[in-house]
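# Residue-level structure breakdown
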Amino acid sequence: MKRCLFPGSFDPFTKGHEAIVHQALHLFDEVVIGVGINSKKQGLFNTDKKIAHISALFETEPRVRVGSFQKLTVEFCKDIAATHIVRGLRDAKDFEYERSIGHMNHAISGIETVFFLTAQAHSALNSSIIREMYQNGADISPFVTRPELLV
Ligand code: ADP
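These notes cover the structure that comes with them.

Calculation rules
- Residues numbered from 1 in each chain as written.
- Predicted model: local features only at pLDDT ≥ 70, side-chain atom pairs only at ≥ 80, totals over all residues.
- Heavy atoms only, no water.
- 1 Å grid on protein atoms, 1.4 Å probe; cavity = no way out; pocket = protein on both sides within 12 Å on 5 of 7 lines; lining within 4 Å.
- Points joined across faces, edges and corners; volume = space filled by probe spheres on them.
- Helix = DSSP H or I, 4+ residues; strand = E, 2+ residues; numbered from the N terminus.
- Nonpolar A, V, L, I, M, F, W, Y, C, P; charged D, E, K, R; others polar.
- Core = buried A, V, L, I, M, F, W, Y, C linked by side-chain atoms within 4.5 Å.
- Buried < 20%, exposed > 50% of the residue type's maximum accessible area, 1.4 Å probe, protein only.
- Contact = heavy atoms within 4.5 Å.
- Near = heavy atom within 4 Å.
- Polar contact = N/O pair within 3.5 Å; in protein donor to acceptor, adjacent residues only side chain to side chain.
- Sits in = over half its atoms within 2 Å of the grid points.
- Pairing = 2+ DSSP bridges.
- Axes fitted to C-alpha atoms, helices over the stretch in contact; angles between N-to-C directions.
- Disulfide = S-S within 2.5 Å.

### What about the layout of surface pockets?
- By volume, the largest pocket is sized at about 1600 Å³.
- Along its surface, the largest pocket is lined by 50 residues, and Gly8, Ser9, Lys41, Arg87 and Tyr97 are the ones closest to its centre.
- Those elements that provide at least two residues to the lining of the largest pocket are β1 (3–8), α1 (15–24), α2 (47–57), α3 (73–80), β4 (84–89), α4 (92–109) and α5 (127–135).
- Counting residues per element, the lining of the largest pocket draws most heavily on α4, which supplies eight residues.
- Grouping the amino acids of the lining of the largest pocket by side-chain chemistry returns 16 nonpolar, 23 polar and 11 charged.

### Concerning the nonpolar core
- Core analysis: the largest hydrophobic core is formed by 20 residues, its most contacted members being Phe6, Phe13, Val21, Val31, Ile33, Phe58 and Val86.
- When residues of this core are traced back to their parent elements, those giving at least two are β1, α1, β2 (30–36), α2 and β5 (112–117).
- Residue contacts for isoleucine 33: discarding those within four places in its chain leaves Phe6, Phe10, Phe13, Val21, Ile54, Phe58, Val64, Arg65, Val66 and Gly67.

### Let's talk about the site of the ligand
- Close contacts around the ligand come from 16 residues, with Ser9, Phe10, Gly88, Thr118 and His122 the closest.
- Serine 9 has a polar side-chain atom sitting 2.4 Å from an oxygen atom of the ligand.
- Between the ligand and the protein, one listed contact pairs an oxygen atom with a side-chain N or O atom of glutamate 98 at 3.5 Å.
- Using a 2 Å cut-off from the grid points, one finds that the ligand occupies the largest pocket.
- Secondary-structure elements contributing two or more residues to the shell around the ligand are β1, α1, β4 and α4.
- Among the residues making up the shell around the ligand, the classes are represented as five nonpolar, seven polar and four charged.

### Some words on the sheet that holds β4
- Pairing in this open sheet of five strands is parallel, and the strands run β3-β2-β1-β4-β5 from one edge to the other. This sheet does not close on itself; its edge strands, each paired only once, are β3 (64–69) and β5. Strand-to-strand twist in this sheet, taken as the mean axis angle between neighbours without regard to direction, amounts to 30°.
- Both β1 and β4 contribute to a ladder of two bridges, which runs parallel. Its bridge partner lying in β4, cysteine 4 is registered against histidine 84.

### Describing the state of the cysteines
- One pass over the structure, following the stated rule, counts zero disulfides.
- Not part of a disulfide, cysteine 4 finds its nearest cysteine sulfur in cysteine 77, a span of 8.9 Å.
- For cysteine 4, a relative accessible area of 0% translates into the label buried.

Next comes the structure, spelled out in structure tokens:
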């Protein structure tokens, strides 16, 4: 039984994130999507709404579970018995950032990070731009599945 954690702020959870989960399901028996709670960085969308939204997107996939955590990612991995962390890579900037975190996480816990390249169609999807659009009244449904569940 191989279980991974896909952690993120998911503010909001985009079609890019959704695709990464489907990619991870090819390698892992179970994917736990962990919505990280950062006390210093209040998100735009409420954590309970994010969890309800993501859960609805995977309601027919019993191998996906959704939860939130407010501790070190590797500590949460241990709590849920996840052997790997999954992250998505859009570009070189993501790679540089993820490489440092991946090395640090491995150094403190021995837990490895597995990276999936985003599909080309999703490489420009970015939660912060989507938040900006949403706050200015744009329709975000091209980028987020069932965005009505977030409000
Ligand atoms: P964090 O605040 O932890 O970076 P995000 O919600 O922004 O959380 O991203 C979570 C993970 O999803 C990261 O690995 C990020 O690189 C990846 N990601 C973000 N957007 C996309 C996308 N459009 N396609 C694939 N992966 C993505």
